[in-house]
Amino acid sequence: MVVGSVNSTEAPTARVALVTGGNRGIGLATAQRLRHLGFTVVVGSRSGQAPDDLGAVKMDVTSTTSVDDAFAEIERDFGPVEVMVANAGITRDTLLMRMSDEDIEQVLQANLFGVIRCMRRATRGMLKARHGRMVLVSSVVWAVGSAGQVNYAAAKAGLVGAGRSLARELGARGITVNVVAPGFIETDMTAGLAEADKSAILSGIPAGRYGQADEVADLIGYLCSDSAGYINGAVIPVDGGLGMGH
Ligand SMILES: NC(=O)c1ccc[n+]([C@@H]2O[C@H](COP(=O)([O-])OP(=O)(O)OC[C@H]3O[C@@H](n4cnc5c(N)ncnc54)[C@H](OP(=O)(O)O)[C@@H]3O)[C@@H](O)[C@H]2O)c1
């Protein structure tokens, strides 16, 4: 059973949107943005918890059964998922020479295989609805690389190939698949980085500041809207210029 209040009062018959990893950080900002835009929003996370004003479902993207069960719950309670933001992700940063098999496998499981699982499961309902919006949350490192993030950058680059391939498969069915590539955004994920590493990153950001989750959420909100139907297979950065358009 999906728990919580899921509808914006403005649009009670809104399209159903799922945000994976939507209980904090970029995912939470995105869920709140979508709710503000009138979508019926459910957030998925391993804990199955979310703020009171959002619907929540338990979902571990590293498990096909868990993903399938979460989609089935949402479909039963609200109808087909027409908007899917694949945002859940983790880091296990270290130099490659010290990176364990577990570091590699966990990051690829959550950040790449997990997204492909969600894309596959979401396709079914979107085809039935003849409408769909998928947004995959990658990272600027997909294009520019990052020392200490061989596992993470590989997963985030993989999303571009996966997303563009599915965009080709589904483009004629009213379904778009786009990739958003944030730069350094202030969330739990980046809070633990050493000050020296943060300063080094900051010095490479033309905007001269870190980004906020809302700035990513605003873009995702637009890509999920009906107005964005002719944007497909795109990779759009939100990085203050760090990746210079890549
Ligand atoms: N912050 C940045 O600077 C930045 C930059 C570029 C890209 N990104 C990407 O943006 C996305 C969100 O990042 P964030 O900074 O908001 O991170 P965050 O604050 O650490 O949040 C990560 C979210 O992912 C969820 N999650 C992790 N593993 C999961 C799993 N196996 N199944 C389901 N949910 C899972 C977490 O939920 P639970 O742990 O509660 O289950 C949490 O909601 C990630 O894909 C990240 O790689 C972030």
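Owing to the predicted nature of the structure, the values given are computational and were not obtained by experimental measurement.

Peer 1: Help me understand the packing of helix α3 (residues 101-129) against helix α5 (residues 150-170), please; the structure alone is not making it clear to me.
Peer 2: Helix-helix packing is characterised by the crossing angle of the two axes and by the distance between the axes. Between α3 and α5, whose axes approach to 9 Å, the crossing angle comes to 15 degrees. Judged by the angle between their axes, α3 and α5 are roughly parallel. For the crossing formed where α3 meets α5, the hand is right-handed. In contact with Asp103, Ile104, Val107, Leu108, Asn111, Leu112, Val115, Ile116, Met119, Thr123 and Leu127 of α3, α5 contributes Asn151, Tyr152, Ala155, Lys156, Gly158, Leu159, Ala162, Gly163, Leu166 and Leu170. Residue composition of the contact of α3 with α5, grouped by class: 14 nonpolar, five polar and two charged.

Peer 1: Is there a simple way to think about the pattern of salt bridges in this case?
Peer 2: If the charged atoms of two oppositely charged side chains come close together, the side chains can form a pair. Tallying each qualifying case throughout the model produces nine salt bridges. With a closest N to O distance of 3.1 Å, Asp226 and Arg15 form a salt bridge. One end of the pair, Asp226, is in the loop between α8 (213-224) and β7 (235-238); the other, Arg15, is in the segment before β1 (16-20), and 211 residues separate them in sequence. Classification of Asp226 as partly exposed rests on a relative accessible area of 47%. We classify Arg15 as partly exposed; its relative accessible area is 27%.

Peer 1: Even after reading the chapter, I still don't get the nonpolar core, so can you show me in this structure?
Peer 2: In terms of nonpolar packing, the biggest core is built from 43 residues, with Phe71, Ile74, Met84, Met119 and Met134 touching the most fellow members. For this core, the secondary structure elements donating two or more residues are β1, α2 (64-78), β4 (81-86), α3, β5 (132-137), α5 and β6 (175-182). Beyond its immediate chain neighbours, meaning those up to four positions away, Met84 contacts Leu18, Phe71, Cys118, Met119, Ala122, Met126, Arg133, Met134 and Val135. Counting 26 residues, the second-largest nonpolar core is a separate cluster that includes Ile26, Val41, Val83 and Val180.

Peer 1: Quick question: what am I supposed to make of the site of the ligand here?
Peer 2: Lining the immediate environment of the ligand, one finds 28 residues, of which Asn23, Arg46, Asn87, Tyr152 and Thr187 sit closest. In the environment of the ligand, an oxygen atom lies 2.5 Å from a nitrogen or oxygen atom belonging to the side chain of Tyr152. At 2.8 Å, a backbone N or O of Ile185 approaches an oxygen atom of the ligand. Bound to the protein, the ligand loses 95% of the 880 Å² it would expose on its own. Of all the secondary-structure elements, those providing two or more residues to the shell around the ligand are α1 (25-36), α5 and α6 (188-191).

Peer 1: How do you make sense of unusual backbone geometry when you look at a structure like this?
Peer 2: Glycine aside, the phi torsion of most residues is negative, and most peptide linkages are trans. Phi at Arg130 is positive, roughly 55 degrees, even though this residue is not glycine. Here Arg130 lies in the loop between α3 and β5. With a phi close to 50 degrees, Met244 is a non-glycine residue in the positive phi region. Of note, Met244 is situated in the segment after β7. Here Met244 falls in the exposed class, since its relative accessible area comes to 62%.

Peer 1: Is there a simple way to explain the sheet that holds strand β3 (residues 55-58) in this structure?
Peer 2: Across the sheet, seven strands lie side by side as β3-β2-β1-β4-β5-β6-β7; this open sheet has parallel pairing. Two strands bound the open sheet, and with one partner strand each, they are β3 and β7. Here the average twist between neighbouring strands, direction ignored, is 25 degrees. Direction of pairing for β5 relative to β6: parallel, over a ladder of six bridges. Its bridge partner being in β6, Val137 is matched across the sheet by Val180.

Each value, and the rule that gives it
Residues numbered from 1 in each chain as written. Predicted model: local features only at pLDDT ≥ 70, side-chain atom pairs only at ≥ 80, totals over all residues. Heavy atoms only, no water. Axes fitted to C-alpha atoms, helices over the stretch in contact; angles between N-to-C directions. Helix = DSSP H or I, 4+ residues; strand = E, 2+ residues; numbered from the N terminus. Parallel < 35°, antiparallel > 145°, perpendicular 65-115°, else oblique. Left-handed = near helix turned anticlockwise from the far one by under 90°. Contact = heavy atoms within 4.5 Å. Nonpolar A, V, L, I, M, F, W, Y, C, P; charged D, E, K, R; others polar. Salt bridge = Lys/Arg side-chain N within 4 Å of Asp/Glu carboxyl O. Buried < 20%, exposed > 50% of the residue type's maximum accessible area, 1.4 Å probe, protein only. Core = buried A, V, L, I, M, F, W, Y, C linked by side-chain atoms within 4.5 Å. Near = heavy atom within 4 Å. Polar contact = N/O pair within 3.5 Å; in protein donor to acceptor, adjacent residues only side chain to side chain. Areas by Shrake-Rupley, 256 points an atom, 1.4 Å probe, with all protein chains shown as cover. Pairing = 2+ DSSP bridges.

This is a description of form; function is not addressed.
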